[in-house]
Amino acid sequence: MSDIGEDRPLAPSPWPRPEHHLIVALARPELTPTDRTAIRAFLTEHRADLEWGEFIDQASRHQVLPIVARQLTRHRLTHSEEGKPLIPYRWIYSDVYEGSRRRNEILAKEYALVLRTLNDSGLEYLIRKGPVLGEHVYHDPALRRISNLDVFMRRDNYPTWEKLAAGLGLQMGELSADGSSIVPFDRRTVLYWRMNLTNTSLPYARLGDRDVVESYLVSTMFSLFQPMLGIKDDAEDFLTRSLPTTLYGEPSRMLHPVDQMLDSLIQIHLRATLFYYIESGKDLLVRNFLDLAHLIRQAPPDYLNDLRERVAQFGVERSAFYSLHYTRLLYPEVVSAEAVEAFRPEDTGYLDEYGGFDGGHFIWQRSFAERLFDRRRIEEVAGRSQVPGPRSMV
């Protein structure tokens, strides 16, 4: 925990409010006994200062409320050792955890059907990000909120997928404004994505049939890299290195563990600096840094050499340094200084830049710690995204 306890290298905390300190302290791969003691002491000291509405809003905004809720309830941090309440409305957190578990179980049944259909077709694929992380990295289906099933495949297999999607009742589109139907994307959006975002397709969706799931989403990707990076299709490479796994009870495949880290490094940097994500407020999410911390924590001791080779192969050293540098600010006990230094470029001035992937170079006027929890940071942004919809991909 980087912000609570004298044994952490970043004390005193860089985060501007006590609610933000608490979120970072709780949203961690593991809480040691020392961590739990420090959190309880922090809650006791700041009981009168904490705004619980801000705490819940920010934990939700950063998509870590389920894991925060589980830490609070599992370790009984809502009460002091004398039995006095430290946090009001304990039931909110137990309900959030159980609700997240139920939602992900419903999604699992739907996405298991997609996987079964893919397997029966013989199409070669792998699954990225959320579903794999939730089941095989977080090791608790409730802790990581899942939205879509992200399927990685060869570009020339996409026509086969289109037929499979139709048979599953999925259509290219997104939830209507009133949430009552799936509506097709407008022509401008379809044309833009086909011409400019050639590493992925627009998502397929089906209306949810339960109160807790609005819609089921399946995204397809043909490359881990955005077109502006100038990296050619890499599907063959990543599919060849992929590993067999079981996902939602079905045989499937996932990225090689080192490639999972590579994927996370790239995504953190892109999301933090692309106008498309900044405008949605999802450019900086604690959950994305937590994903990388989980992956590194579970990596073998010699992972750094393999990761360095993969980063060099695709020329994404700047993204690697960017993502590891900021993940270490949140999780110094997981991300070593050696890991960060392994990718340090000569010029690190870009750490405070945004818009680079959009063709511009703008400098944030506030520090990362100041921006991370500031929901109004978009007011500082000096440009606009040219990408039309869909926000379901954000």
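Residues numbered from 1 in each chain as written. Predicted model: local features only at pLDDT ≥ 70, side-chain atom pairs only at ≥ 80, totals over all residues. Heavy atoms only, no water.

Q: Help me understand the environment of S264 in this model?
A: Assignment of secondary structure puts S264 in helix α10 (residues 257–273). For S264, a relative accessible area of 11% corresponds to the buried category. When the C-alpha positions of S264 and S60 are compared, they lie 21 Å apart, and in sequence the two are 204 residues distant. Ignoring sequence-local partners within four residues, the contact set of S264 consists of N288, L292 and L295. (Helix = DSSP H or I, 4+ residues; strand = E, 2+ residues; numbered from the N terminus. Buried < 20%, exposed > 50% of the residue type's maximum accessible area, 1.4 Å probe, protein only. Contact = heavy atoms within 4.5 Å.)

Q: Explain helix α13 (residues 303–314) to me, please; I cannot follow it from the model alone.
A: Every α-helical turn comprises 3.6 residues, leaving residues that sit three or four positions apart pointing alike. Its 12 residues place the ends of α13 17 Å apart at the C-alpha level, agreeing with the 16 Å of an ideal helix rising 1.5 Å per residue. For α13, the complete set of buried residues consists of Y303, L304, L307, R310, V311 and F314. Each buried residue of α13 lies within a common arc of 125 degrees when the element is viewed along its axis, so the set occupies one face. Phi turns positive one or two residues past the end of α13, at G315, with a value near 65 degrees. (Expected span 1.5 Å × (residues − 1). Arc of directions from axis to C-beta.)

Q: Explain the nonpolar core here, please?
A: Generally speaking, a soluble globular protein has its nonpolar side chains buried in company with each other. Within the largest apolar cluster, 91 residues are counted, with the highest numbers of intra-cluster contacts made by L26, F55, V64 and Y331. Element by element, the count of residues in this core is highest for α10, at 8 residues. Contacts of F55, omitting those with residues within four sequence positions, involve E19, L22, I23, L26, V68, L72 and Y93. Among the nonpolar cores identified, the runner-up in size contains 33 residues, and Y111, V132, L217 and Y248 belong to it. (Core = buried A, V, L, I, M, F, W, Y, C linked by side-chain atoms within 4.5 Å.)

Q: Sorry if this is basic, but what is going on with the packing of aromatic side chains here?
A: The relative placement of two aromatic rings is captured by the distance of their centres and the angle of their planes. In this structure the tally under the stated criterion is 20 aromatic pairs. On the numbers, 5.3 Å between centres and 80 degrees between planes, the contact of W52 with F55 is edge-to-face. Highlighted residues: W52 and F55, both in helix α3 (residues 52–61), separated by 3 residues, approximately one helical turn. Of the two residues examined, W52 and F55, each falls in the buried class. Measuring from ring centre to ring centre gives 4.9 Å for F225 and F314, while their planes differ by 40 degrees; the resulting arrangement is tilted. Pair noted here: F225 is in the loop between β7 (213–221) and α9 (235–241) and F314 is in helix α13, with a separation of 89 residues, a long-range link. With relative accessibility at 12%, the residue F314 sits in the buried group. An aromatic cluster is defined as three or more aromatic residues linked by ring pairs; in this entry it consists of F289, Y322, Y326, Y350 and F368. A cation sits over an aromatic face here: R70 above Y97, 4.5 Å from the ring centre. (Phe/Tyr/Trp six-rings, centres within 6.5 Å; stacked < 30°, edge-to-face > 60°. Lys NZ or Arg CZ within 6 Å of the ring centre and 35° of its normal.)

Q: I tried to follow the packing of helix α1 (residues 18–26) against helix α2 (residues 33–46) on my own but got confused; where do I start?
A: Describing two packed helices takes the angle between their axes plus the distance from one axis to the other. Where α1 contacts α2, the two axes come as close as 11 Å, and the packing angle between them is 165 degrees. In terms of axis orientation, α1 runs roughly antiparallel to α2. Pair α1 / α2 crosses with left-handed handedness. Residues P18, H21, L22, A25 and L26 of α1 touch α2, and the partners they reach there are I39, F42, L43 and H46. (Axes fitted to C-alpha atoms, helices over the stretch in contact; angles between N-to-C directions. Parallel < 35°, antiparallel > 145°, perpendicular 65-115°, else oblique. Left-handed = near helix turned anticlockwise from the far one by under 90°.)

Q: Could you clarify how one ought to interpret the environment of L224 in this entry?
A: Note on placement: L224 falls in the loop between β7 and α9. Separated by 25 residues in the primary sequence, L224 and N199 have C-alpha atoms spaced 7.3 Å apart. Not counting chain neighbours up to four residues away, the residues in contact with L224 comprise R128, F152, D234, F238, L255, D263, I266 and Q267.

Q: Explain the pairing of strand β6 (residues 204–210) to me, please; I cannot follow it from the model alone.
A: Side-chain direction in a regular strand flips from residue to residue, so the side chains alternate between the two faces of the sheet. Sheet topology note: the strand β3 (residues 171–172)/β6 ladder contains 2 bridges and is antiparallel. From the neighbouring strand, Q171 faces β6, where its bridge partner is A205. Joining the antiparallel neighbours β6 and β7 is a turn of 2 residues. (Pairing = 2+ DSSP bridges.)

Q: Teacher, can you tell me more about the packing of α1 against α3 here?
A: Two elements in contact, α1 and α3, have axes separated by 9 Å at closest approach and are oriented at 45 degrees. For the element pair α1 / α3, the angle class is oblique. Here α1 runs over α3; the crossing is right-handed. The residues of α3 that touch α1, namely those facing E19, H20, L22, I23 and L26, are W52, E54, F55, Q58 and A59. For the contact of α1 with α3, a count of residues per class yields 6 nonpolar, 2 polar and 2 charged. (Nonpolar A, V, L, I, M, F, W, Y, C, P; charged D, E, K, R; others polar.)

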